[in-house]
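# Structural overview
Chain by chain, the residues run as shown.
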Amino acid sequence: MLIGYFNKYKNMIGTIEYDVGTKTYYGEIVNANTEFVAYVSYDAGNIIDLEKAFHDKTSSYIEECFRRGVKVHPYKTDLKGE
């Protein structure tokens, strides 16, 4: 179930979602657009840890792009704040 979105972090936007069955928060970076990955996800047991996981995954994603020489091109989205 989509709850909302995190504020931009390093020009990336992440979802805030919740699975009632597993009682787990999760999300994905919604505006990632590179040549080597299409989906970056994260999860945690609570919303505070989810935001940290979003920041960690975003930083790792960008570092890996640079390491591979792949340009990071965030998609323009119609999400609020874009």
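Residues numbered from 1 in each chain as written. Predicted model: local features only at pLDDT ≥ 70, side-chain atom pairs only at ≥ 80, totals over all residues. Heavy atoms only, no water.

In this section: the side chain of Thr15. Here Thr15 lies in strand S2 (residues 15–19). On the basis of relative accessible area, Thr15 is assigned to the buried category, the value being 4%. The contact partners of Thr15, leaving out residues within four places of it in the chain, are Leu2, Gly4, Tyr5, Phe6, Tyr26, Gly27, Glu28, Val30 and Tyr42. (Helix = DSSP H or I, 4+ residues; strand = E, 2+ residues; numbered from the N terminus. Buried < 20%, exposed > 50% of the residue type's maximum accessible area, 1.4 Å probe, protein only. Contact = heavy atoms within 4.5 Å.)

Moving on, we get to the pairing of S2. Along S2, 4 of the 5 residues are buried, which leaves the element largely enclosed by surrounding structure. Bridge count for strand S1 (residues 2–5) against S2 is 3 bridges, and the pairing is antiparallel. What sits directly across from Gly4, in S2, is Ile16. Sheet topology note: the S2/strand S3 (residues 24–28) ladder contains 3 bridges and is antiparallel. Paired with Glu17 across the strands is Tyr26, a residue of S3. (Pairing = 2+ DSSP bridges.)

What follows covers the environment of Val72. As for its placement among the helices and strands, Val72 is situated in the segment after helix H1 (47–68). Among the residues examined, Val72 registers a relative accessible area of 22% and is labelled partly exposed.

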